[in-house]
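# Structural overview
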Amino acid sequence: METQIVRNEDLVWRRIEDEIVVIGNDGLAVHMLNKSAAYIWEQCDGTKSPDEIAVGLCEHFEVTPEEARADVQATIDKLEGMGLMHKTEGNPVQ
Amino acid sequence: MLSHWRADSTGNSSSSKIQLQIGDVCCSVTCDDEEVLGNLGQLYFDFLSDQPVDFSIDLHIVQRFSSHCIAEASSLGNIIRSGSNILVAYWLTDNESANQNHTVSCTLERHQFNPHFDFKIMNLLLPLSYYEACRTRYSNGCGPMLVHSCGIIRHGRLMMFSGPSDTGKTTIAKLCGNEHGQVINDEMLLVSGPDKDSDALMVQGVPIIGGVAQRLNVSAPLACVLLLKQSDRTALNRLNRTEAYLQFMRQVIAPRDFEGRTKRAMLSQVAEFSDMVTNVVPFYELEFTLNQRALWKTINKLEKSLGREGS
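Reading the values: rules and limits
- Per chain, residues are indexed from 1 in the order of the written sequence.
- Chain letters and ligand numbers both follow the written order, the letters beginning at A and the numbers at 1.
- Whole-chain, interface and lining totals are the exception, using all residues; otherwise, since this is a predicted model, local features are given only for residues with pLDDT of at least 70 and side-chain atom pairs are given and counted only at 80 or more.
- Just so you know, side-chain values use all the structure's heavy atoms and leave hydrogens and water out.
- A pairing counts as a salt bridge when a side-chain nitrogen of Lys or Arg comes within 4 Å of a carboxyl oxygen of Asp or Glu.
- Strands are runs of DSSP state E lasting at least two residues, helices are runs of H or I lasting at least four, and both sets are numbered from the N terminus onward.
- The buried label applies to any residue whose accessible area, calculated with a 1.4 Å probe on protein chains only, is under 20% of its type's maximum; exposed applies above 50%, and partly exposed to all values in between.
- Pairs of N or O atoms within 3.5 Å make up the polar contacts considered here, provided that, within protein, one atom can donate a hydrogen while the other can accept it, and that residues adjacent in sequence are counted only when both atoms are side-chain atoms.
- Being paired, for any two strands, means DSSP has found at least two bridges between them.
- To get an axis, fit a line to the C-alpha atoms, keeping to the stretch in contact for a helix; angles then go from 0 to 180 degrees between the N-to-C directions.
- Here, residues are in contact when the closest pair of their heavy atoms is within 4.5 Å.
- Annotation comment: domain bounds sourced from an automatic or database domain assignment.
- The term buried area denotes the loss of accessible surface (1.4 Å probe radius) that occurs when two parts are joined, taken as the sum for both partners.

For the structure on display, the rule yields 14 salt bridges over all chains. The shortest N-O distance in the salt bridge between Arg69 of chain A and Glu66 of chain A comes to 4.0 Å. Taken as a pair, Arg69 of chain A and Glu66 of chain A lie in helix H3 (residues 65-81) at a separation of three residues, close to a single helical turn. With a relative accessible area of 42%, Arg69 of chain A lands in the partly exposed category. Here Arg241 of chain B and Asp275 of chain B are joined by a salt bridge, their closest N and O atoms 2.1 Å apart. You can see Arg241 of chain B sitting in helix H5 (residues 241-248) and its partner Asp275 of chain B sitting in helix H6 (residues 263-280), a full 34 residues away along the chain. Comparing Arg241 of chain B with Asp275 of chain B shows no difference in burial state: the two are buried.

With that out of the way, let us pick up the side chain of Asp54 of chain B. Take Asp54 of chain B: it is sitting in the loop between helix H1 (34-43) and strand S4 (55-62). Here the side chain of Asp54 of chain B touches Arg137 of chain B through a polar contact of 2.9 Å, side chain to side chain.

So, about the sheet that holds strand S2 (residues 12-16) of chain A. The antiparallel open sheet is built from three strands, whose spatial order is S2-S3-S4 (chain A). Looking at the sheet topology across the chains shown, the edges are occupied by S2 and strand S4 (30-33) of chain A. The mean angle between the axes of side-by-side strands here comes to 20 degrees, regardless of whether they run parallel or antiparallel. Relative to S4 of chain A, strand S3 (residues 19-23) of chain A runs antiparallel, the two sharing four bridges. Its bridge partner being in S4 of chain A, Val22 of chain A is matched across the sheet by His31 of chain A. This element, H6 of chain B, spans S2 and S3 of chain A of the sheet and lies at about 10 degrees to S2 of chain A.

This part covers the domain arrangement of chain B. Residues and elements named next belong to chain B. Along its sequence, chain B is carved into domain 1 (16-137) and domain 2 (145-310). Between the C-alpha centres of domain 1 and domain 2 the distance comes to 26 Å. Residue-level contacts link 26 residues of domain 1 with 21 residues of domain 2. For the domain 1 and domain 2 pair, buried surface summed over both sides reaches about 2200 Å², with 65% attributable to carbon and sulfur atoms. Linking domain 1 with domain 2 are zero salt bridges. Viewed at the interface, domain 2 and domain 1 are joined by five residue pairs in polar contact (both at pLDDT 80 or more). Of all elements in the fold, only strand S2 (17-22), strand S6 (85-93) and helix H3 (121-137) reach the threshold of two or more residues within the side of domain 1 that touches domain 2.

Next up, the structure:
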């Protein structure tokens, strides 16, 4: 089974130009995601694995596959640590 | 275009109630204390209304809360506090008839209507009532929203000076006086999204008590938003959209109501509204001092540049 990454759907977020603003559950904490983190965030809808997201990152930004995989993993780890997303085990939706 | 609405002299009220207009919403206030009601009528004179009532506040004034009242309200979570002080114990009535509006019955202690307290308890109850009425008045529960701000109308358009408490909204209103514009409120404003006939956001005065005497039930299109920053100089900095969004959304009064929307629903509405406003009007950070001349010289210059942008 592949690991998919899912945004915390209890959180309110909006894309503001190139960035994404995520509002914490307390309504006070605000997390700003830059361009690449915003792309990764939007891809984390529970249907894609980190490797699939990295492929998309390569296509959208001028990075090597290795850089993309590292960036995706680092971003996911950080956002998961902040409680903004979590991993699930399951087959990708076809 | 400026619009100014005023109730006629036969207006709203019987001897035991007043009706107040907050944007499109009409809220009636009844009270068993005629002196309190009379004072409220004077305070909110510009907002007296004879429109059909959307929501009713029934004030019951007591010398002291009874322990039974507090216990009953507490068990339902129906207490409004300021720190450790209980301000209001309330009960929401769902009227069975579809034609009748909802009513909230509020018990308050008499000392809160001491004139020196300036009736600020109403600053808590009226936004709650407004948003409660919006739940049924607007199909998705979302309507115009209240923003912590001072509004000054100049040359037919409104400049919004926004910021948390103690950033200078009342100071700006006092520095304006009658000379530099028309202050419609120095504490809170109601902002409506663009309608089908216009791209402009409209801003309306509301019956919320601030630090100055003016509370006007007038509306005007929003020219720009100036986010206030205390400083030792007068300066104006244009904000990018993200900066504007982050600061502005903290000044939007979250749509809390008596029944209690979910936090997510409230935050979602604030986020969507803030996105809309920051997309439509320019935002600036205004640093200012008590130098009245420097302030209005800066504002005049800004208006000229906005005039050029709009042409």
